[in-house]
Amino acid sequence: DFEPISEKIDNMKQIVYGIITLGILVAIGGTFSLIRKFSGSINDVKRNLTTTSNDPTFIIPRAPGELGEITDAINQMYNKLIDVQNYNQEILTSIDDGIITVNKEEKVVSINHAASHMLNLSKDYLGLTLEDIFPLDSPFVDCVKTTLLQNKPVKDLQVGYEDSPGSHRHLLISTSLMINVRQDLIGALLHFRDITEMVRLREDINRQERFASLGKIIAGVAHEIRSPLTSITGYMQFWNQGHMPSQ
């Protein structure tokens, strides 16, 4: 009587073991499928990040699941960075002072419009060192080296610059260190202002003051000469009237 029951128990064990085995296989397969799908989504995000770095207008498509929140956060952060960059670019473009930024290797990172105009530079100089752009004895090279290597920013240094024969400018140079939010040195900023007209105006004022001083001296000399001449003229008129001077 126990044999049929034992057989039924064995059959139930086999069925249960089969169900458990099938469940394990399905779970393993599902896990690998989820891992593969998640890995594919991660790779898509990585490729989209690469595309975004080359194309600022590209928006990363929303990833499925919780990765979607990550892609949304990345898009928002990148949009904020673009807005800040555009804002800074507008500021640099609108000011009349020349600004050149260099990294720690003294390679040019940015040149604003005023700097390009004053120094006759182009965007082709981006990535070059200041020594590749200016002569070694240029005050620009010396000021930046002093700032980066000796940690000594320059303040209001007046220099002369000639970008072409016959075109001489007077510039007022200042430099400052560029520090990121982690307080790491990332480069230096070169700021300069064209004070050519101011220098010429000062020279004209000094010239006029010298002329005015010279005029006063000449007037004084003329007065000193005119006084004895007046006396001599009076005596001569007196003599011409027949009056001879007494012996």
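**Student:** How should the pattern of salt bridges be read in this particular structure?
**Tutor:** Note that side chains of opposite charge can pair when their charged atoms are close. Within this structure, the stated rule accounts for eight salt bridges. Ionic pairing is found between Asp72 and Arg62, a salt bridge with its closest N-O pair at 2.8 Å. Of this pair, Asp72 sits in helix α2 (residues 67–94) while Arg62 is found in the loop between α1 (2–54) and α2, placing the two residues ten residues apart along the sequence. Glu197 serves as the salt-bridge partner of Arg200, at 3.4 Å between the closest nitrogen and oxygen. Of the two residues, Arg200 and Glu197 are both situated in helix α6 (residues 196–240); the distance of three residues between them amounts to about one turn of the helix.

**Student:** Looking at this model, I keep getting lost on helix α5 (residues 139–150). Mind explaining?
**Tutor:** Count 3.6 residues to each turn of an α-helix, and residues three or four apart come out pointing the same way. The end-to-end C-alpha distance of α5 is 16 Å, a good match for the 16 Å that twelve residues give at a rise of 1.5 Å each. Turning to α5, its buried residues number three or more, namely Phe140, Val141, Cys143, Val144, Thr146, Thr147 and Leu148. Taken from the residues just after α5, Asn151 is the one with a positive phi, measuring 55°.

**Student:** Looking at this structure, I do not really get unusual backbone geometry. What am I missing?
**Tutor:** In most cases, non-glycine residues show a negative phi, while peptide bonds are predominantly trans. Here Asn151, not a glycine, exhibits a phi torsion of approximately 55°, which is positive. The residue Asn151 is located in the loop between α5 and β3 (157–164) in this model. Despite not being glycine, Asp156 has its phi angle at roughly 50°, a positive value. Turning to its location among the elements, Asp156 is positioned in the loop between α5 and β3.

**Student:** Teacher, can you tell me more about the nonpolar core here?
**Tutor:** Considering soluble globular proteins, one finds that nonpolar side chains tend to be buried as a cluster. In terms of nonpolar packing, the biggest core is built from 25 residues, with Ile100, Val102, Leu119, Phe134, Phe140, Leu171 and Phe192 touching the most fellow members. Secondary structure elements with two or more residues in this core: β1 (98–103), β2 (108–111), α3 (113–119), α4 (130–133), α5, β3, β4 (167–179) and β5 (185–194). Looking at this core element by element, the count peaks at five residues for α5. Setting aside its immediate chain neighbours within four residues, Val102 contacts Lys107, Val108, Val109, Leu130, Val144, Leu148, Met178, Ile186, Gly187 and Ala188. Val45, Ile60, Leu67 and Ile74 belong to the second-largest nonpolar core, a separate cluster that totals five residues.

**Student:** Honestly, α2 in this entry has me stumped. Any pointers?
**Tutor:** Between its terminal C-alpha atoms α2 stretches 41 Å, which fits the 40 Å expected from 28 residues at 1.5 Å a residue. Among the residues of α2, Leu67, Gly68, Thr71, Ile74, Asn75 and Ile82 are the ones counted as buried.

**Student:** Can you help me understand the side chain of Thr196 in this one?
**Tutor:** Positionally, Thr196 belongs in helix α6. Since its relative accessible area comes to 6%, Thr196 is described here as buried. A distance of 2.9 Å separates the side chain of Thr196 from the backbone nitrogen of His170, its partner in a polar contact. Other than its neighbours up to four places away in sequence, Thr196 contacts His168, Arg169 and His170.

**Student:** Before we go on, may I ask you to explain the packing of aromatic side chains in this structure?
**Tutor:** What characterises a pair of aromatic rings is the spacing of the ring centres plus the angle enclosed by the ring planes. Within the structure shown, the criterion is met by two aromatic pairs. Judged by centre distance (5.6 Å) and plane angle (65°), the rings of Phe140 and Phe192 are edge-to-face. You can see Phe140 sitting in helix α5 and its partner Phe192 sitting in strand β5, a full 52 residues away along the chain. An identical accessibility class is assigned to Phe140 and Phe192; each is buried.

**Student:** Please explain the pairing of β2 as it appears in this structure.
**Tutor:** Consecutive side chains of a regular strand alternate in pointing toward one face of the sheet and then the other. In the sheet, β1 pairs with β2 via three bridges, with the strands oriented antiparallel. Across the sheet, Val102 pairs through a bridge with Val108, a residue of β2. Linking two consecutive strands that pair antiparallel, namely β1 and β2, is a turn of four residues; a positive phi of about 65° is found at Glu106 within it.

Parameters at a glance
Residues numbered from 1 in each chain as written. Predicted model: local features only at pLDDT ≥ 70, side-chain atom pairs only at ≥ 80, totals over all residues. Heavy atoms only, no water. Salt bridge = Lys/Arg side-chain N within 4 Å of Asp/Glu carboxyl O. Helix = DSSP H or I, 4+ residues; strand = E, 2+ residues; numbered from the N terminus. Expected span 1.5 Å × (residues − 1). Buried < 20%, exposed > 50% of the residue type's maximum accessible area, 1.4 Å probe, protein only. Core = buried A, V, L, I, M, F, W, Y, C linked by side-chain atoms within 4.5 Å. Contact = heavy atoms within 4.5 Å. Polar contact = N/O pair within 3.5 Å; in protein donor to acceptor, adjacent residues only side chain to side chain. Phe/Tyr/Trp six-rings, centres within 6.5 Å; stacked < 30°, edge-to-face > 60°. Pairing = 2+ DSSP bridges.

Structural measurements only, silent on function.
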